[in-house]
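# Coordinate analysis (summary)
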Amino acid sequence: MNITVVGPGAIGSLWASYLHDAGHHVCLWSRQNTAALMVQRDDHPAQRFTNNDPQSLLQADILLVTLKAPLVEQVLSSIRQHIAPEAIVMLMHNGMGTADSVKALMPDNPLVLATTTHGAYRKSANHVLHTGQGKTLLGAANHNGKQCGFLVDVFNHALTEVAWHDEIDHALWNKLAINCAINPLTAIHQIRNGELAQTEFRDQLQSIINEVCCVMQAEGIDAVEANLTAMVDQVIHATSNNFSSMEQDIAHQRTSEIDFITGYLIKCANKHNISVPTNHALYKAIKQIEQSW
Ligand code: KPL
């Protein structure tokens, strides 16, 4: 298939490389202004990808959009004229809330949402490391997206394990719960994920999870606080040596995904008149840091 990866950061480069190895014709669309980009995955020979070619974009059967959430609307608006109306658009990023703007922008394109637990680390601009095996879930976000179950085979063939989720929102909410718990706290304190296991963070974490759980239930998600707590603890443990993406964004003075993680939670909480003071305080703290730059 013709696949264009829009926003080849760590996860995007990883998928580009595996999809290329699986025999697909993969191109990139990136902020780098060169006609080609080299990507090396782990110790494999570097692969050459066409970059920012409008003709290739027009021929894409699938757009794998791995941009960070705050960039999705802006970048897709800027390239919309080069996207065929039948091209499948797949969003894969932390946080929620971008699907509505993409639906408004490209109402006819099949829209698929994805969440992955694969670990990827960009050692340098052209070198990506696959740091942890994970699972990828795909699901439809609009009517045309429901016809895209075959993508499971396409993506599974490149990088297992991939599954289709009929209620992808449930999976995205569970990931949002993890990100609400881990990302702002590690960013504010500039600590590794594992440090959240210290007793000093226990009450705050519990309060974050309790608020997220109430909002999830109001959104019709079958959430149980004890299960969310166990899931967050498991991720803190499994990624204890990692710095979260928000910790890294704040450390490098880059705009974080807070509006699409805690910000999205707060929007939903407001809709249901649920008060979420702990998450609100974390949201404000991150915004204050970003505004101080
Ligand atoms: O998704 C993550 C992130 O850093 O954004 C977690 C799961 C917290 C791993 O670090």
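Not measured: the values here are computed from a predicted model. (Residues numbered from 1 in each chain as written. Predicted model: local features only at pLDDT ≥ 70, side-chain atom pairs only at ≥ 80, totals over all residues. Heavy atoms only, no water.)

Evaluation of the coordinates by the stated rule reveals seven salt bridges. The residue D100 makes a salt bridge to K103 at a minimum N-O spacing of 3.9 Å. With D100 and K103 both in helix α4 (residues 99–105), this residue pair falls three residues apart, about one helical turn. Linked through salt bridges whose partners overlap, the residues forming this network are K68, D249 and R254. (Salt bridge = Lys/Arg side-chain N within 4 Å of Asp/Glu carboxyl O. Helix = DSSP H or I, 4+ residues; strand = E, 2+ residues; numbered from the N terminus.)

Following the UniProt record, one finds the feature "domain: Ketopantoate reductase N-terminal" (unreviewed entry) at residues 3–142. Counting secondary structure, residues 3–142 comes out at 25% helix and 36% strand; the distance between its end C-alpha atoms is 20 Å. (UniProt positions renumbered as here; feature names shortened; annotations may be inferred.)

In the numbering used here, UniProt assigns the "domain: Ketopantoate reductase C-terminal" (unreviewed entry) feature to residues 168–290. Between the end C-alpha atoms of residues 168–290 there is a gap of 31 Å, over a span that is 68% helix and 0% strand.

On to empty space enclosed by the protein, then. Any space left empty among the atoms is revealed by the rolling of a water-sized probe across them. Counted according to the given criterion, the structure contains two cavities of 30 Å³ or more. Space inside the largest cavity adds up to approximately 80 Å³. If you trace the largest cavity, you find 13 residues lining it, with P8, S13, V39, R122 and A125 closest to the centre. Elements with a minimum of two residues in the lining of the largest cavity: β3 (36–41), β8 (119–124) and β9 (127–132). Broken down by class, the residue content of the lining of the largest cavity amounts to seven nonpolar, five polar and one charged. There is about 30 Å³ of room inside the second largest cavity. Taken together, T4, C27, L28, W29, T50, N52, D53, S56 and L57 make up the lining of the second largest cavity. Mapped by element, the contributors of at least two residues to the lining of the second largest cavity are β2 (25–29) and α2 (54–58). Here the lining of the second largest cavity takes three residues from β2, the largest share from any one element. (1 Å grid on protein atoms, 1.4 Å probe; cavity = no way out; pocket = protein on both sides within 12 Å on 5 of 7 lines; lining within 4 Å. Points joined across faces, edges and corners; volume = space filled by probe spheres on them. Nonpolar A, V, L, I, M, F, W, Y, C, P; charged D, E, K, R; others polar.)

With that settled, the discussion passes to the layout of surface pockets. One number sums up the size of the second largest pocket: a volume of about 390 Å³. Taken together, 19 residues form the lining of the second largest pocket, with M96, G97, A99, L113 and D169 sitting closest to its centre. For the lining of the second largest pocket, the secondary-structure elements that each account for two or more residues are α4, β7 (111–116), α6 (168–189) and α10 (262–271). Of the residues that constitute the lining of the second largest pocket, the class distribution is 10 nonpolar, four polar and five charged.

This part takes up the environment of S207. Looking at the secondary structure, you find S207 in helix α7 (residues 202–218). In the structure, S207 is positioned 16 residues away from I191 in sequence and 20 Å away in space, judged by C-alpha atoms.

Turning our eyes to something else, we now look at unusual backbone geometry. For the peptide bond that leads from T160 to E161, omega is 0°, which places it in the cis range. Positionally, E161 belongs in the loop between α5 (151–158) and β11 (162–164). Positive phi, normally seen in glycine, also occurs at N52, with a value near 55°. Looking at the secondary structure, you find N52 in the loop between β4 (47–50) and α2. One non-glycine residue with positive phi stands out, namely Q190, at about 50°. By the secondary structure assignment, Q190 is in the loop between α6 and α7.

This paragraph deals with the pairing of β2. For β2, the buried fraction is high: four of the five residues fall into the buried class. Pairing of strand β1 (residues 2–6) with β2, which is carried by five bridges, proceeds in the parallel orientation. Across the sheet, T4 pairs through a bridge with C27, a residue of β2. (Buried < 20%, exposed > 50% of the residue type's maximum accessible area, 1.4 Å probe, protein only. Pairing = 2+ DSSP bridges.)

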